[in-house]
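# Fold and geometry: a report
Spelled out, the chains give:
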Amino acid sequence: MATRHPDRSPAEPGLRAGGAPGARPLAGHLPAFLRSPLGFLDALPRYGDLVEVRIGRRPVFMLCHPDLVRRVLTDDRTYDREGPSYRSSRRAMGNGLATCPHAEHRTQRRLMQPAFRPDHLARYATVMRQTIGEAVDGWRHGQRVDLGGELFALATKTAVRALFDADLRPAEGRDLHEAPDTFLKGIYRQTLLPWAAGLPTPGNRRYGRALAHWQAYTARLVETRRARPEAGGSGDVPKDVLSHLLSTRLPDGTPVAGDAVHDQCTALVLAGSETTASALAWSCHLLSHHRDVAEELHAEAHGVLRGRTATQEDLPRLPLTGRVVTESLRLYPPAWLIPRVTTTETEPAGRRLPAGTMVVFSPYVVHRRGDLYPEPGRFRPGRWAEEDVPAGGPAADRNASLRAYVPFGLGAHRCIGESFALTEATMALATIAARWRLQAVPGAAVRPAARAVLAPERLPMYLYAR
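Where an unreviewed UniProt entry is consulted, the chain appears under the name Cytochrome P450, with the organism given as Streptomyces aureoversilis.

Put into structure tokens, the structure is as follows:
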């Protein structure tokens, strides 16, 4: 009887399981990861397609091959949203669509889906246009700004206006910027160091204050809307997410519970701002260091917009703008570490994993595989053009690259707000490129923040009017 290769699986021929070297006796790979998270991740594919690392004494299995990623993200019965990260997120945000486990996901997805139909997106895009125009019109020639903060304020105001038909005062915007940033850093720490979550450290106290502020804001958002005469549903088509949630009746005729409404809104305030702001911030950072692409982008945006703010109808005529956003999401995907926990024994890449094992997928890792993306570390938006097939390679090479591109996830858990985020990011980037030249501050280091969403810690820029 033939012996099966220990690193092979009949369903995934050729995939290798391995282990990362350098684990310390008690800390495992945690010191190396904390010292340089992205550098540590970048090195893992050389050790296999499924790589065991140690976070303290806990084994964690990193998925470094797109076939394994697709298997895990499309089989949410076997690989569920559990573990320290999701427990922390549920304590903070509640059990909404962004955090709920497999057993509740389909029901919640069906509840939320109507608010993200194409006709609603067109309505949201009108709000995006207004908010983008206000933000960009408020900039001054020669001004030095933290562009990351500016873009977060823009994205948050857009999300609150479009998804909840509310407005955001400047002081609230500043507070909300600080609160999610502190929250995302706290979730990141609690995932890596769950034993420290309950300690009375300064970081944990800041996390608690930020969380209370964020939850209180969401509660005010919901209660203010409930007080409106039309909140209960007048028979008209709801125009935003919050009015949809307040007017929806469940199969038994009862309204959506108050805590469920709060949970969905709490997550959407974060998701509707952080993902878009991160994509825009990295796009602007990359453009500031690639003047040739920036000038080509300006020519496209100026030729289409002629001084006005972009609309949703302009997007088909802004192909380079869309490719810049796509390439930025490839290099710096906002959701850069996505954990799952096995619910039963399984065997990816020939490695037997018992129930309760944590596996982690990093879009950052698979998006930078040299066998899928030529010059993987280079900012090259042209790679996403239809005619851009690797020299000497078949069109299938491009299909493989597309299959490995997953900044918004896959399967049933694919981000429900993907179209919202891409529409806003493309409209905002085109408007900025048409009117402003961005210059990086000489000598300023731009580093990813150590938190749950991959965004620059600071992004100092000079703004020059075109």
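### Regarding the overall build of the chain
Each helix and strand in the chain was counted, giving 16 helices and nine strands. Every one of the 466 residues in the chain was classed for burial, and the buried ones make up 54%. By sequence separation, contacts in the chain at least 24 residues apart represent 72% of the contacts at least 6 residues apart. Of the roughly 20400 Å² that the chain leaves accessible, carbon and sulfur atoms contribute 54%.

### A few points about the sheet that holds strand 3 (residues 58–63)
Strand order across the open sheet formed by six strands is 1-2-3-7-6-4, with mixed pairing between neighbours. Two strands lie at the open edges of the sheet, namely strand 1 (17–19) and strand 4 (79–80), each paired on one side alone. Inspection of the sheet shows strand 6 (residues 338–342) paired to strand 7 (residues 358–361) by four bridges, in the antiparallel sense. Bridge assignment links I338 to a residue of strand 7, and that residue is F361. Across the sheet, helix 4 (residues 84–93) touches strand 3, strand 6 and strand 7, and the angle it forms with strand 6 is around 110°.

### Some details on the pairing of strand 9 (residues 460–465)
Two strands pair when backbone bridges link them, and strand 5 (residues 143–146) and strand 9 are joined in this way by four bridges, in the antiparallel orientation. From the neighbouring strand, V145 faces strand 9, where its bridge partner is M461. Both strand 8 (residues 436–440) and strand 9 contribute to a ladder of five bridges, which runs antiparallel. Note on strand 9: the bridge partner recorded for R437 is Y464.

### Here's the deal with empty space enclosed by the protein
What the rule picks out here adds up to three cavities of 30 Å³ or more. Taken as a whole, the second largest cavity encloses approximately 100 Å³ of empty space. If you go around the second largest cavity, you meet 13 residues; those closest to its centre are L287, A294, A433, W436 and L438. Elements that contribute at least two residues to the lining of the second largest cavity include exactly helix 11 (258–288), helix 12 (291–305), helix 16 (418–435) and strand 8.

### So, the sheet that holds strand 8
Read across the sheet, three strands follow the order 5-9-8 without closing on themselves; strand pairing throughout is antiparallel. Strands with a single pairing partner mark the edges of an open sheet, and in this sheet they are strand 5 and strand 8. Shown here is a sheet whose adjacent strand axes are inclined to one another by a mean of 35°, direction ignored. The strands touched by helix 16 within the sheet are strand 8 and strand 9, with strand 8 carrying the most contacts at an inclination of about 90°.

### What to know about the pattern of salt bridges
Going through the model one piece at a time under the given rule, you end up with 24 salt bridges. As a salt-bridge pair, E345 and R352 come within 3.8 Å of each other at their nearest N and O atoms. The residues E345 and R352 share a single accessibility class, namely exposed. Ionic contacts of the salt-bridge type, sharing partners, join the residues D49, R369 and D371 into one network.

### Things to note about the side chain of R340
Tracing the backbone through its elements, the reader meets R340 in strand 6. An unpaired buried charge is present at R340: no salt bridge exists, and D80, the closest side chain of opposite charge, is 6.4 Å distant. Among the polar contacts listed, one links the side chain of R340 to the side chain of Y86, at a separation of 2.8 Å. If we ignore the near neighbours within four places in the chain, the residues touching R340 are V72, L73, Y79, D80, R81, Y86, T357, M358, V359 and H413.

### Considerations on the packing of helix 7 (residues 147–164) against helix 16
As a packed pair, helix 7 and helix 16 sit with axes 12 Å apart at the nearest point and diverge in direction by 130°. In terms of axis orientation, helix 7 runs oblique to helix 16. Crossing hand, helix 7 versus helix 16: right-handed. Two secondary-structure elements touch here, helix 7 through L151, L154, A155, T158, A159, A162 and L163 and helix 16 through F420, E424, A428 and I432. Broken down by class, the residue content of the contact of helix 7 with helix 16 amounts to nine nonpolar, one polar and one charged.

### Some points on a positive patch on the surface
Judged by side-chain charge, R189, R205, R206 and R209 come together as a positively charged surface patch. With respect to the helices and strands, the residue R209 is situated in helix 9 (residues 202–226). Classification of R209 as exposed rests on a relative accessible area of 54%.

What counts, and where the lines are drawn
- Residues numbered from 1 in each chain as written.
- Predicted model: local features only at pLDDT ≥ 70, side-chain atom pairs only at ≥ 80, totals over all residues.
- Heavy atoms only, no water.
- Helix = DSSP H or I, 4+ residues; strand = E, 2+ residues; numbered from the N terminus.
- Buried < 20%, exposed > 50% of the residue type's maximum accessible area, 1.4 Å probe, protein only.
- Contact = heavy atoms within 4.5 Å.
- Areas by Shrake-Rupley, 256 points an atom, 1.4 Å probe, with all protein chains shown as cover.
- Pairing = 2+ DSSP bridges.
- Axes fitted to C-alpha atoms, helices over the stretch in contact; angles between N-to-C directions.
- 1 Å grid on protein atoms, 1.4 Å probe; cavity = no way out; pocket = protein on both sides within 12 Å on 5 of 7 lines; lining within 4 Å.
- Points joined across faces, edges and corners; volume = space filled by probe spheres on them.
- Salt bridge = Lys/Arg side-chain N within 4 Å of Asp/Glu carboxyl O.
- Lys, Arg positive; Asp, Glu negative; His and termini not counted.
- Polar contact = N/O pair within 3.5 Å; in protein donor to acceptor, adjacent residues only side chain to side chain.
- Parallel < 35°, antiparallel > 145°, perpendicular 65-115°, else oblique.
- Left-handed = near helix turned anticlockwise from the far one by under 90°.
- Nonpolar A, V, L, I, M, F, W, Y, C, P; charged D, E, K, R; others polar.
- Patch = residues over 30% accessible without salt bridge, like charges linked within 9 Å, V, L, I, M, F, W, Y side chains within 5 Å.
- Charge placed at Lys NZ, Arg CZ, Asp CG, Glu CD.

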